[in-house]
Every structure is written in C-alpha cells, then in structure tokens.
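Below, each chain spelled out in residue letters.
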Amino acid sequence: MTSPWYPPSRPRPVDNGLKARRARGAIATTWWSQRFVEVLEDIGVGSRLQRGRRYARQGQVLSLEVDAGSVTARVQGSRARPYRVRIGISAFGKREWANLEQVLAADAWYGARLLAGEMPEDIEDVFAAGGLALFPDSTSELSMDCSCPDWEVPCKHIAAVFYLLAEAFDHDPFLILAWRGRDREVLLANLQAARSPGRPAADQADRAGPPLADCLGSYFAVQAEIPSTRPAPASPAAVLDALTPLEITVRGRPLTDLLRPAYQALGVPVATAAIAPTNRWPGDSPG
Amino acid sequence: MFVLHGFWCLRRGLCLWAEDSERPVKSPSQALRVARPHPFAAPAEVLAEIQAGKPDAAVLQLPSLRTAPLDSPELIRINLRPPARTAPALLAWAVPIVTLDAASALVVLSPRDDVRCGASLGHLGQVAAFARDLVVRGRVVPVVEQIGHGGVAYWRPVLSGRDVMVVHALIRSMPPVCRAVPGHDDPDELTRAALDALVDAAVREALPPGLQLAPLRRGRRPGVLPAVEAWLGALVGPEPRFDADPGDLGALVRALEPWDEARATQSGPARALFRLTEPGTQANEGGDTLWHLEFLLQAADDPSLMVPAAQAWDDDGSLGRWLPRPQELLLAELGRASLIYPELTPGLRQARPTGLALDAEGVHQFLTVAAPALDDAGFGVLVPSWWDRRRQLGLTVSAHTPVDGVVDRPSRFGRDQLVEFRWQLAVGDDTLTEEEIVALSATKAPLVRLRGQWVAIDPEQLRRGLAFLQREPTGAITAAELLALAAAHPDDLDTPLPVLEVQADGWLGDLLSGSPLSLSPVTVPDGFEATLRPYQQRGLSWLALLSSLGRGACLADDMGLGKTVQLLALEAVQRSDEPDAGPTLLLCPMSLVGNWQREAARFAPGLRVYAHHGPQRRRGAKLRKEIGRNDLVVTTYATATRDIDELAEHEWRRVVLDEAQAIKNALSRSAKAVGRLRAGQRVALTGTPVENRLAELWSIMNFLNPGLLGSSELFRTRYSIPVERHGLTEPAQRLRAITRPYVLRRMKTDPAIIDDLPEKIEIKQYCQLTVEQASLYQSVVDDMMDRIENTEGIERRGNVLAAMTKLKQVCNHPAQLLHDRSPVGRRSGKVIRLEEILEEILAVGDRVLCFTQFTAFAELLLPHLAARFGTDVAYLHGGTPKTRRDEMVARFQAGDGASIFLLSLKAGGTGLNLTAANHVIHLDRWWNPAVENQATDRAFRIGQTRSVQVHKFVCTGTLEERIDDLIEDKRALADLVVADGEGWLTELSTSDLRDIFALSQGAIGD
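What you see is a predicted model; the values in this text were computed from it and never measured.

What counts, and where the lines are drawn
- Residues numbered from 1 in each chain as written.
- Chains lettered and ligands numbered in written order.
- Predicted model: local features only at pLDDT ≥ 70, side-chain atom pairs only at ≥ 80, totals over all residues.
- Helix = DSSP H or I, 4+ residues; strand = E, 2+ residues; numbered from the N terminus.
- Expected span 1.5 Å × (residues − 1).
- Buried ≥ 20, exposed ≤ 12 C-beta atoms within 10 Å, placed from the backbone.
- Arc of directions from axis to C-beta.
- Contact = placed C-beta atoms within 7 Å.
- pLDDT = per-residue confidence, 0-100.
- Axes fitted to C-alpha atoms, helices over the stretch in contact; angles between N-to-C directions.
- Parallel < 35°, antiparallel > 145°, perpendicular 65-115°, else oblique.
- Left-handed = near helix turned anticlockwise from the far one by under 90°.
- Nonpolar A, V, L, I, M, F, W, Y, C, P; charged D, E, K, R; others polar.
- Pairing = 2+ DSSP bridges.

> In this structure, what is going on with helix H8 (residues 184–195) of chain A? I would like to understand it.
Think of an α-helix as turning once every 3.6 residues; residues three or four places apart then point the same way. Between the first and last C-alpha of H8(A) there are 16 Å, a value that for 12 residues agrees with the 16 Å anticipated at 1.5 Å per step. Along H8(A), the positions that sit buried rather than exposed are A:Leu187, A:Leu191 and A:Gln192. Buried residues of H8(A) fall within an arc of 130 degrees about the axis and therefore sit on the same side. On its buried side, H8(A) packs onto helix H3 (94–105), helix H4 (108–115) and helix H7 (174–179) of chain A together with helix H10 (326–340) of chain B.

Dropping the structure here:
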C-alpha cells in the first residue's frame, strides 16, 4: 500500500539514459570497483540499494561526470526535473600528487597496468607509503547529497550513481585517480616528464597517399608488396571467445552461444573452395 | 583486346571499366575543362558482355597527353602508338562502368583468364582474398547500425597483429588508378571500405543457407520481432537491413557497444615486439647463462621498423613522426602483455624497462607457452631462428633392403617381401650416439647445446623414447609398409615419439630419396623400336619397380624428355614379361589421342592399341570385346567421364593419366570418375611441376595412391594452408619427403640429363579438328574443288593456292577464315593444344617463339593468349618499325617483358637473335622446310646453351598432315621440288589435289 503522504515513486521513463551493462548479478566486476560498492553496501540499507540498482539498469541516470574531488550526476526520478546527485571525496593536493608521481614514475609496472585497463594490485601500497588511502574505508569519507525529497542518505538516486560510477571504474581505472585529483592526461604527462624530462610530443603521421600527380610513372601499377598473412588460430571461434560477454539473450540463451554456429561454419571451407588452386594475379611475384 | 580495370566506390561498390585496343586512340574533342569521353574505353554494351553488372558512368583522372589518355601497361596494340613528345599530365576522362555489389564483387574478384586484368583488379583481388582469409579464421565481429527507422546488420573485420600490417600494406600498395575518381583519392578510406564490404559478403557467402541463429520460437511470431532477433536474422540472410522498434533497436546498439570497442582498439600504429636473444659466448660468472628478452616497438605499417624500448624512453621527438606518444604506447602494450605473460612483471618493475633476463627454464616456458600466446594476442615475437626449424627429438628407421637392385624380375621382390629395420633416437637429422643419449639423460635443463646448437629436450619424451627402444629395437615389415611408414604424418602414428626419417639402403633407399640412380636397367624387349637414353632407362626402371610394388607413380619429366616413350617401354616390358596381363587404359586430352596412336605404332608396333572416343565409339559387348583384344586402350578425359560406368567394370592392368593436371581439381567430374577405375597400378604423366601446386598434387596423389596424403580436409589444414598461405617450410619439406618415392621429375637443366639430350628435339604436335572446323574444312574443299575443276591455266593455279590458304586457315581457327571477329573460345583443336603446351612452358619459366604465316592468326592469338595467361605477349610482324623491333628483341633477350613471342614467319624468319627462347612452335606448316629451319634457327644459334625444342603443329587427317608427310619424304630423297615454295603443287592433277585436300578419318575430335 502506498502511503498518501508520499508522491508516487515510479520514475519517469528515460530514452537515452546511461545503463548499467550487466543486467543481472553484481554490477562491479573488478576488485577495485568492488572496493567502492562494498563501502556503500556496508551501510546495509537493502531496499534502497536494490532500487538504486534497478535505476542504474533502467537508464534513469542521465549524466555522470568525474572531477577532482567530486562526482556529479543527474538522475531522472518521478518528478519532471531530474535530481542532482553529488558524491564528494577529498582530492589529494599538489604536493601529495608530486610525491606519488615520483614513486609511480620509478616503477613502469604501475603505468603499464593502468594503460592496459587494470588497477595495479599493489597501488594501495604506494598511497599508504605517503600516508594516504586511495579507497575510502566507509561512507563517512564521502559526502553524498541528492536534490530529491527523500531525507535518507544514501537515497536510491545516490545508489544508482554509485553503481554506475563503479562500472565506470571497471572500465577505466584512471577515473579513480581523477576523482582523487589527477586526471589521466595530466598524470601521464607528469609521469613521462619524470621519466625523461623535456621531450616534446609530436603530431600523428599523415595517412593520405601521395598526390596522384606524383604517380604518373606507375599509375596503373601496384605500389608495394603485400606480406603473407599470419597463421590461423586453432579455432575460428577465437574472436567470439575473446569478446566481452554481453547480457543479451534470446529465450534464455546468451548471444555468444547463438552466434557460435555461425563462427563454426566460417572455419569450414565452402565445398568448391576446399582445394581451389592457388590464386594467380597480374603483378604477383612468380613462385 | 580488352584490359579490365577496377576501383572501389564508397557508394556503388566494385566498379569495372575496360580499355579496348581496337578503338581510336585520340579524342576528337580538344576541350580540357570538362571530362571528355575516354576515346578507347569499352562502351557500355561491350563492357556488359565482358562483365554483367549495373551500367553506370564515372569520371577518372588518368595520365594523359593532350588528345588521349596513356595506355595501361597491360594493353597490347597491334599498331603501336607513336612515342609521346610531351610529358603526360592528369586529365579527367568519362568512362562507362559496370558496378557490382559486394557479394558479386567477391565472386568477380578471382583470377580470370577470359580477359586481361589490370593491376588495379589484382589489387582488389588481394583485398578480397584477404577478406576471405579473415573470414575463414573467424576474425570478424557482428555489429549493428541504426539507419533511419531501421537497423542494418554487418560483419566487420577484427584486425590485430600482422593483419593490421597486411591492411597497411594493402593501403600502401594500391595502384593510383584505383583512386582516380576526383574527391575519392584516400587509399586508407577506400581500402577499408572495400575490406569491410567484402568481409561482410564473405561471411554471408560462407554461412550455410538456411542457418538460423535465434532459437526456434514456440507459438505465434509477433508482428515486429525483437530487435536482437531481427538482427540475428539479418546477419545470416542476404538482406542486411531489418525493421525493429526504434527504442528496442537503440538499446541493442548500446548493448553491443563493448564489441564495437573491442574491434576499434585492436589496431594501432605500432605494437610491442619481444625479441629473444641467446646468451653470448661469454657465460656470466656463475657459469649460469642468461638469455635476454628484449622489448621493442614495431611499426604496424612497416614491420621492418623496430625501435628498442630504450629509444622510446629517450625519445627526442623523432619517433613522433610515425608514432604519437611512444612511451605511453609501449607502457600500454607491456601492461597488456603482462596480463597474458605474468612472468613479464619483474621486468617492468623499474622506471624504464627495456628487457627481461631469463634462465633456461624461463626461456623454455617463454618459447613453448608465452610466445604463441603473445603472437595470438597480436604482439610481435622474434625468437632465434633455430626455434622455428628446431630439431626435435624423434625416432629414425634404418632399413636394410634384402635383394639389391635387381629389377629385371619384379616377382623377386613382391610387395609382401619383408624388410628388416632398426629404430634409433635422433635430434633433427642427427642420429644420437650412446654417449649423447647418456649426456642428455643426465641434464636437467630443458634447453641444451648439442653439437654446437641449442635443442629443446623434454626429459619425459626422452625417457619414453628410450623405453621404446629397449622394448622393440628392431622389426620387420613389408616394403609397402615401410613406404607407408615413411609417408605417415606424425599425428597418425602411435609411436611414443615422432618418426623423423625413414632411411634404407639399396633400391628402397633410392625410392625414398627420390633419385633412382642405382636401379639396374630393365631390358627392353625386342621389337621395341626406340633406343632409350640413359635417363629414360632409369625412368623405366623406376616405373617398373613401383609397378611391381603396386604403388602409383607420377612421371613429371619436363616436356620433351620423352614421357611417352618411357611409358610405352614400360608397356612393352610388361607385355613381354606377362603376356596374359590385362589391357592398360590411358586417358589424355582429346588433342593427344592421335599422338599416342602414332607414337605407339612407331615405337612399340607390337602393342595393340584401340582408341576409344568419338561418336562412333563402341559400347557394351562390342566395347568389352575390343578391350579384350587390345593391350592399350586410349581414351579422352571427356569420353572416360561419360563412359565411366562401363570402363569401371574392368580390372585394368594399369590406368595412365597423360597430362594428369586434367584432374587437378579433385571435385571435378573427371577427377571423380577416374577415381572409380580399378587397376593394378596407376601412373600419372605431367610436365608441370606438381609439387608447387598443392591442391593439384593432392588430387593427383589421391588418384595414384589413395589415402597417402589423407583426406582433402586434412591435407588442407596440414599442408595447403601452412605452406601456401603462411609460407612455412617445415610442412613443405615433410610433404616433399612423403611424395618423393612416387614422383620422378627430371628437368632439362639437370646435369644428369643435359648431357644425354640432343641440341635440338623435334616434336610433332598432332591435333584434331573441332566439329566446327571439320564442317568448315569440308565445305571449303567442296567449293574449291568445283572451281579448280572448272578453271585452267593461271586461274586454276590461283584457285589451288587459294584453296590451300583457306584450308590452312580453317586448321588454325574458324574465325581466321570467317574474318568475323568472333571469340576464340574453344573452337580450334590447334589453339587448345597450343594453350596446353604454353601452360607447361610458362610453368617452368621458359620462353617461346611462335611462328605463323598468317598475321591475321597472330593478331587473333595475341589478345587471347595475353588474357588466357595474364601476361604480356610480344608480336613482331612485317610492319613493325626497326627501332621497335630492336627494342622488343633486346627485352626478350634480357629476360624481362613477354615470355611468349609471336612472329610472322616472313618478318621473323631472318636476322634476329632470340636465344632466350628454348622452345620454337610452328603453328602452321610451310611447304618449304628451309623456311621453317631458318625460323627455328632464331633460337638455335650461337649463344644458345640449352637444348631447343621445336614443336610442329599438324592437324591429323588434313592437308597439314599430308604436307608434313611430303616434306618428310622429300627430305629423305633430297630437297628437290619443294625448294621453290608452293608453286609445284599447282601443277598436280585434280585427283592428286583431291587426295591432298581430303578430310580423312580420325581428323575430328570429340
């Protein structure tokens, strides 16, 4: 029964909201994003977290922005005007970051893992050595507010933002550092400067071919040799196996299972092509 | 002639246009501001005949003089354009085109021999072949796009590692004419668009029809399918567009985004490369040798560009020219690699990592586990070269042949005779000594130096190998079993270690090594009229040996070395040893039936030969009777395929395939048909080097020795793909070892052969008329004989000469008599035979002069041969200016340019030095042998180092054969009458002329 004192809590549908990619199970999948979700889930306000998760999956969150010290988001609730959500954390200062960067630059492992999309397992040690903590221990280290009428914190809107934030961390661990005060571009530039001071960046090479007017002498001819291709992987479904599993299903069967017969058919040559003679083309080198 | 060109259009797909050498060169218009019609582009209706498609038009920028575009290098003109006096410039020309969608493009972009193709089509063909390659390897991902209210389902390539480099190479190699449409000149964009479209088409082509990806739905189908189901349907159907609810579709697009990213992030300007180097000779102090795994960056578009990590750390900006942010890229690559190869981590824990030190254990783990995984993930891996052709631990078999070299009596070593052998342990080619085995057993390291080279030894394997040797050190099997053991693929044997080599002494050793030098000669029976040259004698012994073992043999001697005479000798020996042996069935192209009959009659007159072909051939009981009373039944592939049910009833002594490349496609009807023939032995004769064309080799071997190379599927995965697509040498070597006992190939250039060969070999090429030629021939005879009978004097003389000319023209090609510019096609037995011979000549890289009396015939052949063989053809006739003529001769002699040189007998008969050719073909006969000999001497003169083969074409049963007989007779008497040309013929009586002109039996093929 809905109480007459409260407005109806059904949110307005959103067309192009941010949606959690994982439709069921835990939203955060990496250890570093789980560290955040745990902080939230430790408070143990079960039903609001559930509703928050549903919000996240339905795409009620309209925007999400991570800056030094704060995450701001707009969440579509039951009212016409979206609610504003802010989750604050203390950003580290210039000097603290300068020290951290010295340590990170001295060990290429950190940059390598971060650039490969992984939070280095021992990164907390680096922060701990400077007396800092990368991850918050409890919600008390976070400031959370929402413009909705619900007085309880965290409300479902904050929870929804939290889940989407965790998912963003999954995808890009640099975001955690950005929240703590160092965005990716600045961090990488500073690390590079610490490694090899005073090197300029350069432009990307020009990709268009040479002007046609310079090619009149060999206008109809092949311009370079083509190397032979690499050995085939054992299974034609290797690409399929390497793809991120998606939550798309048809009648309970996941998409990758449905696509598998197609991939398997690709590895089987068409009957007539089975032992077709080697191709010969004008311009091929003989033999 | 036509030259077909192509380019890719972002909107229209594959666009084709053609140049036509028969059209006027110059444009009548002088306008330079607008795109004038290309003067010698094939017009729409002509183009439509070359290639069906949607007609359209395009403007192309082409290198041009003021009044005309330049020719593409593939275009051959009979009347040459005058040399340009001004420098060419880019001008716009309008050309008719046909356009094809991606699915048709994929089919069209395969090599074709009906029309000559420009390099632009070759390039697009490479893109199509690459698209197919990606698809077979499953390097594709399905994507969805929202267009308007509906969705479109595509398959897109997933490019990583070396594939990225192939794409870059394709982009760089694009001929400029592919980007000649103004505003569409970005090779990157055009190549990727073509690749995307062709990959999508190749997936749809590869998927079996009727494939359903979505699980079956119970109950009624809703009006609008859920977007994902509609998308799955559109991924496998012919129509990529589908309808879906926009919201539902939008959700699908977003849900699939992660896959889109997976596709996008895999190609970069460079990748990490891991290079393993051996420890230097100076071992470090502990005596413990450390290997070095070096980190580098390798450019995607230029694999030879490799930058050590240290240079990336110290970059002063110079790397930035090809690589934005090299440090970041290196770090990201190393981070990604460390996820696959966790042992990399210690090497990264420093400010500027450049490499990693590995001990023997670590090296072994890297080589066996990490390197393939890194390679699969798109990283570059460079390991010491010995690793790729590493010598593995295995077993060898040494057999002792019981009866040495006596081949005279095949019954003395039947296929059931036992051969004793001994197992031994070996590494690569080195059989291990006792001491080495002890030393290897004692060492713990997985990598050890053996005889100065590194080898990887798995202790467990070594233990199993030793246990096996103790259990069964020796054995005895039949010769056939030993040959089968030598031919077995390691995967198909149950030995504990792979069998690396099978050695034997004596004749078995000769067979296994493929050089039958010590086989004792087989005695040729009396009545065999040819004296075999020494190498032919060896070939006969080899054939007889395999025959006695019941194994198939492929005699692949170069053309002109006498495969026919060797086979006839084998038959003669067989008949004299076993008079009761059943008949041999010989299949050959129609053009060679007459040849076999004549050669058999000449060399082995004792052989009873029956030619089974033509509409009047025997059937049923009559055929059985005919087979029963002959030794050699000669038939054509086409006839054998038609009559296979009857022919397969017999148990033949031997089945012989002449020009065995006729069954190179194992799926063809004739290949399947010959597979049904039962025989005591099977023999294939071919002049093309089959060992270089794997599909052909499989098909022929599968006929000769069924099962020897496994199923075609297995062969494809074990040999064709690794060798032809990836250029691996190890499987190629194994294949050569397996087939070696069954293939005997001698080349004219072999030192063992060359001394046996005469300097000049004359071969008559007997060919038969097609039905069309025969009826034309007959009507010319009827018409001309009428006229000759009713005229006298000079007029009669003129008619006789005209009749001869017309009949020779018919023998060449119907179109030459009719002057109707009708297509060459397969209307002339002579041209068909010419193509067969040229194929063999070109396959071994030889050069050839072709003489004809008729410029019309040369001009008919010129475009046909250029298209058929995709090559330039030089042409010299009376009207060729001197400078041009000298230039052609110089290029031909220098070995570049055309391999086929067409010459008119009159223009090319004297004063030229063309010793680069070692084949001379006389396409039509001249009454005067001196003229022919003069022409032949172009190739056969000072400077010629090889033996020259002279092929004289003769249409059997026609005027040509009678001229040939006359020349032979006259030469035997003395070169009397014919010395002054053809005049003497006009003096013959009408009835003599009737005899000379008449079409006799056997002239017509089927």
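> Got a minute to help me understand the confidence of the model for chain A in this structure?
Atomic detail in the predicted coordinates should be set aside for any region of low pLDDT. All names here are of chain A. Averaged over all residues, the pLDDT of chain A is 79; the fraction at 70 or higher stands at 80%. By mean pLDDT, helix H9 (residues 238–242) is the weakest element of chain A at 77, and H7 is the strongest at 94. Taken together, the stretch residues 1–5 has pLDDT below 50 and engages in one contact with residues farther than four places along the chain or on a different chain. This stretch, residues 199–206, has a pLDDT under 50; its non-local contacts, to residues over four places away or in other chains, come to 13 contacts.

> Explain the packing of helix H18 (residues 534–549) of chain B against helix H19 (residues 563–577) of chain B here, please?
For any two helices packed against each other, one specifies the crossing angle of their axes together with the interaxial distance. Residue and element names in this part refer to chain B. Direction vectors running N to C along H18 and H19 enclose 50 degrees, while the axes themselves pass 9 Å from each other. When the interaxial angle is binned, H18 and H19 end up oblique. For the pair H18 and H19, the crossing hand works out as right-handed. On H19, the residues that touch Gln536, Gly539, Leu540, Leu543 and Ala544 of H18 are Val565, Gln566, Ala569, Leu570 and Val573. Class assignment of the residues belonging to the contact of H18 with H19 gives a composition of seven nonpolar, three polar and no charged.

> Would you take a moment to explain the sheet that holds strand E31 (residues 873–876) of chain B for this structure?
In a beta sheet, neighbouring strands pair by backbone hydrogen bonds and run either parallel or antiparallel. All names here are of chain B. Strand order in the open sheet formed by six strands is E29-E34-E33-E30-E32-E31, with parallel pairing between adjacent strands. With one partner strand each, in any of the chains shown, strand E29 (760–767) and E31 form the two edges of the open sheet. For this sheet, the mean inter-axis angle between neighbouring strands, taken without regard to orientation, is 20 degrees. The sheet contact formed by strand E30 (residues 848–852) and strand E32 (residues 900–904) spans five bridges and is parallel. Bridging across to E32, Cys850 finds its partner in Leu902. Its contacts with the sheet place helix H32 (residues 829–843) against E29, E30, E32, strand E33 (919–922) and strand E34 (948–955), and it is angled at close to 140 degrees to E29.

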